[in-house]
Amino acid sequence: MSAPATSELARDDATLRRFLHGLPGVDQVGAEARAASLATRSIKTTSKAWAIDTAIGMVDLTTLEGSDTPGKVRSLCAKAVRPDPSDPSVPPVAAVCVYPDLVATAVDALNGASVQVASVATAFPSGRASLPTKLRDVRDAVAAGATEIDMVIDRGAFLAGRWLQVFEEIVATKAECGDAHLKVILETGELATLDNVRRASWLALLAGADFIKTSTGKISPAATPPVALVMLEAVRDFASANGDIVGGRIGDLRGVKLAGGIRAAKEAVRYLVMVNEVAGEEWLTPKLFRFGASSLLNDLLLQRHKLATGAYDGPDYVTVD
């Protein structure tokens, strides 16, 4: 299936609707069975060590609470750059994700480190605000130094069938991002069906999303294996439909971010297996796959240390965020 041009969709609701309705339906039972099958794959110790380090490098270390303070964000940034102060071989995480008003604090704390600064925007987590208000949210975050923007779609508009409205809001948000990458949060737990997850994924990709993201982390269910499977298929098929050449043009490919409820290293490793099997090894990079998490990093560090020493550490081995 070839994808219509963005310019064509932007002026034609019928074309967008026809395309999204024409996507193959998702066999929910089949998707659940395949996701369960992939979760049974085992990996050897050397591969597990690689997977844990890879997963650490894919974490968007996140704090999105009303009680967040500059001090908490500075502490989080220090952990992002040096996840285990006792072991300099542990890689830094991919990004720190904060509210727009704390972006400047994160930029200052990271002080030029390789860790990206991501900011939620567009009336996170509900997405219920006027478009000018949402875009001001984005402009403020980018002006403060955010290199990645995590926007939320208006799920009410999507579920009411106002797909062109959602499409146009993503296009407008992308335009405000400048050089910052745009991650579009679908809030899959509110989309009800895997068919809707597939349609929302394609809609976001067609509108210019650099990443599609499962969840805000504020509702349940959030990231689940069947949802991840459908979203990985979407970025893979989008690349194929647009003729992108995998292996040499990663910048032309679109990524997936899983957020919400992923706390254990074994879950992260299972998702890496899924990425490899469904999308391909090209997606096994922080440029194309992320975990939005806070507590996940701690378990990855504990499991990494166990592999190195053969002994389990107490919970005080890692800092509590």
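Predicted, not measured: the structure shown is a model, and the values here were computed from it. (Residues numbered from 1 in each chain as written. Predicted model: local features only at pLDDT ≥ 70, side-chain atom pairs only at ≥ 80, totals over all residues. Heavy atoms only, no water.)

Moving on: the overall build of the protein chain. Tallying secondary structure elements over the protein chain gives 13 helices and eight strands in all. Here the protein chain has a C-alpha radius of gyration of 19 Å; the compact-globule value for 321 residues is 20 Å, and the two agree. In terms of its C-alpha atoms, the protein chain occupies a principal-axis envelope of roughly 60 × 45 × 35 Å. Residue burial in the protein chain is summarised as follows: out of 321 residues, 52% are buried. (Helix = DSSP H or I, 4+ residues; strand = E, 2+ residues; numbered from the N terminus. Rg over C-alpha atoms; globule rule 2.2 N^0.38 Å. Buried < 20%, exposed > 50% of the residue type's maximum accessible area, 1.4 Å probe, protein only.)

Quick look at the environment of Pro226 now. Within the fold, Pro226 resides in helix α11 (residues 225-241). Residue Pro226 is classed as buried on the basis of its relative accessible area, which comes to 15%. When the C-alpha positions of Pro226 and Val29 are compared, they lie 9.4 Å apart, and in sequence the two are 197 residues distant. Excluding anything up to four places from it in sequence, Pro226 contacts Glu32, Ala35 and Leu194. (Contact = heavy atoms within 4.5 Å.)

The geometry of an aromatic ring pair is captured by two quantities: the separation of the ring centres and the angle between the planes. Within the structure shown, the criterion is met by five aromatic pairs. Joined through ring pairs, the aromatic side chains of Phe19, Trp202 and Phe238 make up one cluster. When the ring centre of Trp163 is taken as origin, the NZ or CZ atom of Arg17, which lies over that ring, is 5.0 Å away. (Phe/Tyr/Trp six-rings, centres within 6.5 Å; stacked < 30°, edge-to-face > 60°. Lys NZ or Arg CZ within 6 Å of the ring centre and 35° of its normal.)

So, on to the packing of helix α2 (residues 13-21) against helix α9 (residues 163-177). One can describe the packing of α2 onto α9 by two numbers: an axis separation of 9 Å at closest approach and a directional angle of 100°. By the criterion of interaxial angle, the relationship of α2 to α9 is roughly perpendicular. Residues Asp13, Leu16, Arg17, Leu20 and His21 of α2 lie in contact with α9, whose contacting residues are Trp163, Leu164 and Phe167. Residues that form the contact of α2 with α9 fall into these classes: five nonpolar, one polar and two charged. (Axes fitted to C-alpha atoms, helices over the stretch in contact; angles between N-to-C directions. Parallel < 35°, antiparallel > 145°, perpendicular 65-115°, else oblique. Nonpolar A, V, L, I, M, F, W, Y, C, P; charged D, E, K, R; others polar.)

This next bit is on the layout of surface pockets. The volume enclosed by the largest pocket comes to roughly 530 Å³. What lines the largest pocket is a set of 28 residues, and nearest its centre among them are Thr62, Gly217, Gly292, Ala293 and Ser294. Of all elements in the fold, only α5 (70-81), β7 (255-259), β8 (289-293) and α13 (295-309) reach the threshold of two or more residues within the lining of the largest pocket. (1 Å grid on protein atoms, 1.4 Å probe; cavity = no way out; pocket = protein on both sides within 12 Å on 5 of 7 lines; lining within 4 Å. Points joined across faces, edges and corners; volume = space filled by probe spheres on them.)

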